[in-house]
Amino acid sequence: MPGFALVAALAASGLITSAQADVLSRIGESGVIHAGTRADAVPFAYAGEGGRLTGFSVDLIEEIRAAAEARLGRPVRVELSVVTPADRLQRVAGGELDIVCEITTPTWEREKTVDFSVPFFRDGTRVLAFRDTLRTVPEVKDMVVGIAEGTTTGDILEQTLPGIRTRSYPTMDAAFGALTRGEVQGVANIGIILLGLSRKLEPGRSVVLLPRTEPLGNEAMACVLPQDDSAWRDFVNATIIGLTRGLADYRGRYMEIHDKWFGRDGVMVYPLDRSTRDYLLQSDIWAR
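Quick summary incoming for the structure in this document. What you are looking at is a predicted structure, and each value in this text was computed from that prediction instead of being measured.

Some words on the overall build of the protein chain
Okay, so step 1: When its secondary structure is counted, the protein chain shows ten helices and 14 strands.
Okay, so step 2: The C-alpha atoms of the protein chain give a radius of gyration of 20 Å, which matches the 19 Å a tight globule of 288 residues would have.
Okay, so step 3: Expressed as lengths along the three principal axes of its C-alpha atoms, the size of the protein chain is roughly 70 × 40 × 40 Å.
Okay, so step 4: Per-residue burial for the protein chain yields a buried fraction of 50% across its 288 residues.
Okay, so step 5: Contacts spanning at least 24 positions in sequence make up 69% of the contacts within the protein chain whose residues lie at least 6 apart.
Okay, so step 6: Carbon and sulfur atoms form 51% of the exposed surface of the protein chain, whose accessible area is close to 13,700 Å².
Okay, so step 7: When the 32 basic and 38 acidic side-chain charges of the protein chain are each reduced to a single mean position, those positions are 4 Å apart.

Okay, here's the thing in structure tokens:
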């Protein structure tokens, strides 16, 4: 397409910077979206059968790919890479990836190097522990809690439970390994991730999510995007908002994807409650 070819030619000549050569233009030239997601965040993104990445967030990336194909009028494919909490932001900020969708929470500190889409999910921070641990350490504040490096979990724990002791691990799988070895007495993340990973634990040992009532803090999840690329950010936002059409009545494309992973016949039953539904609908602030 001439417009995209012109942008690419100008970028190659040095007349515009790579930051100005926006992602949509580059996708228009290459037909490729370089995307990232996790391999250990069931059911958002994980290695499924044959090691193929799958999950709610992977389906979201596919929706963005299909929308880009329709917008650009050419075939578009996704090259999907595995990211970790420790490297996901840097790989977007450095230009290696066009988008990362998994369970990243936007913060102002992170906004210094990357941008974010509108939220596509919300959940609360909790601590998972073996039930028998509560006999000797009944209070979360007295536990040593494992967390994944590069996440907001540690800050949330410190804000809500000042003085709590945490240990950082490269991945949530590593943190769960520490739990089974007794290095920590609990592991923390959003509740749905903890439930997913708990399936890997010993089947004979009962687990509990703490606190039992309200979570320690609510976290929104959004896709990570390159900084200062409004055309790409607007496109991704419009795609996500488009998925929520009909959500007020628990129908539409978002509900189809949600039910696939979190519905009665999904990977994990985690119903979409009214407050989360309303929270997602409030992301659509644009006049029609």
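Considering the side chain of Glu 219
Okay, so step 1: Within the fold, Glu 219 resides in strand β13 (residues 218-221).
Okay, so step 2: Although Glu 219 lies buried, it forms no salt bridge, and the closest oppositely charged side chain, Arg 110, sits 6.3 Å away as judged by the N-O distance.
Okay, so step 3: Within the local environment of Glu 219, its side chain forms a polar contact with the side chain of Thr 125, the two groups lying 2.6 Å apart.
Okay, so step 4: With residues up to four places along the chain from it excluded, the contact list for Glu 219 reads Thr 105, Phe 121, Arg 122, Asp 123, Thr 125, Thr 152, Ile 156 and Ile 190.

Some thoughts on the state of the cysteines
Okay, so step 1: Under the counting rule described, the total for this entry stands at one disulfide.
Okay, so step 2: A disulfide bridge connects Cys 101 with Cys 223, and the sulfur atoms are separated by 2.1 Å. Across the S-S bond of Cys 101 and Cys 223 the torsion is about 110 degrees, and the bridge reads as right-handed. With Cys 101 in the loop between β6 (99-100) and β7 (114-116) and Cys 223 in the loop between β13 and β14 (224-226), this residue pair connects regions lying 122 residues apart in the sequence.

What to know about helix α6 (residues 172-181)
Okay, so step 1: Taken residue by residue, α6 has Met 172, Ala 175, Phe 176, Gly 177, Ala 178 and Leu 179 as its buried positions.
Okay, so step 2: Residue Gly 182 follows α6 closely and has a positive phi angle near 85 degrees.

Remarks on the packing of aromatic side chains
Okay, so step 1: Scanning all chains against the criterion turns up ten aromatic pairs.
Okay, so step 2: Relative to Phe 121, the ring of Phe 44 lies with its centre 4.9 Å away and its plane at 90 degrees, an arrangement referred to as edge-to-face. Within this pair, whereas Phe 44 is found in the loop between β2 (40-41) and β3 (45-47), its partner Phe 121 is found in strand β8 (residues 121-130), the two being separated by 77 residues in sequence.
Okay, so step 3: For Phe 44, a relative accessible area of 0% gives the class buried.
Okay, so step 4: Measuring from ring centre to ring centre gives 5.5 Å for Phe 56 and Phe 262, while their planes differ by 45 degrees; the resulting arrangement is tilted. Of this pair, Phe 56 sits in helix α3 (residues 56-72) while Phe 262 sits in helix α9 (residues 253-262), and the two are 206 residues apart along the sequence.
Okay, so step 5: Look at Phe 56 and you get buried, because its relative accessible area is 2%.
Okay, so step 6: By relative accessible area, which is 1% here, Phe 262 ends up buried.

Details of the pattern of salt bridges
Okay, so step 1: Counted under the stated rule, the structure contains 18 salt bridges.
Okay, so step 2: Notably, a salt bridge pairs Glu 62 with Arg 65, separated by 2.9 Å at the nearest N-O pair. Placement of the pair is Glu 62 and Arg 65 together in helix α3, with a separation of three residues, close to one helical turn.
Okay, so step 3: Accessibility expressed as a relative area gives 36% for Glu 62, which makes it partly exposed.
Okay, so step 4: Here the residues in one salt-bridge network are Arg 38, Asp 40, Arg 88 and Glu 102, joined through shared partners.

What about the side chain of Thr 125?
Okay, so step 1: Here Thr 125 shows up in strand β8.
Okay, so step 2: With a relative accessible area of 0%, Thr 125 lands in the buried category.
Okay, so step 3: Ignoring any residue separated from it by four or fewer positions in sequence, one finds Thr 125 in contact with Thr 153, Ile 156, Asn 189, Ile 190, Pro 215, Leu 216, Gly 217 and Glu 219.

Some points on the packing of α3 against α9
Okay, so step 1: Viewed as axis vectors pointing N to C, α3 and α9 meet at an angle of 150 degrees, and their least axial separation amounts to 10 Å. The angle between α3 and α9 falls in the class roughly antiparallel. By crossing handedness, the relation of α3 to α9 is classed as right-handed. Side by side, α3 and α9 meet where Phe 56, Asp 59 and Glu 63 of the first sit next to Arg 253, Tyr 254, Ile 257, His 258, Lys 260, Trp 261 and Phe 262 of the second.

How each quantity is defined
Residues numbered from 1 in each chain as written. Predicted model: local features only at pLDDT ≥ 70, side-chain atom pairs only at ≥ 80, totals over all residues. Heavy atoms only, no water. Helix = DSSP H or I, 4+ residues; strand = E, 2+ residues; numbered from the N terminus. Rg over C-alpha atoms; globule rule 2.2 N^0.38 Å. Buried < 20%, exposed > 50% of the residue type's maximum accessible area, 1.4 Å probe, protein only. Contact = heavy atoms within 4.5 Å. Areas by Shrake-Rupley, 256 points an atom, 1.4 Å probe, with all protein chains shown as cover. Lys, Arg positive; Asp, Glu negative; His and termini not counted. Charge placed at Lys NZ, Arg CZ, Asp CG, Glu CD. Salt bridge = Lys/Arg side-chain N within 4 Å of Asp/Glu carboxyl O. Polar contact = N/O pair within 3.5 Å; in protein donor to acceptor, adjacent residues only side chain to side chain. Disulfide = S-S within 2.5 Å. Phe/Tyr/Trp six-rings, centres within 6.5 Å; stacked < 30°, edge-to-face > 60°. Axes fitted to C-alpha atoms, helices over the stretch in contact; angles between N-to-C directions. Parallel < 35°, antiparallel > 145°, perpendicular 65-115°, else oblique. Left-handed = near helix turned anticlockwise from the far one by under 90°.

Read these as spatial facts, not as claims about activity.
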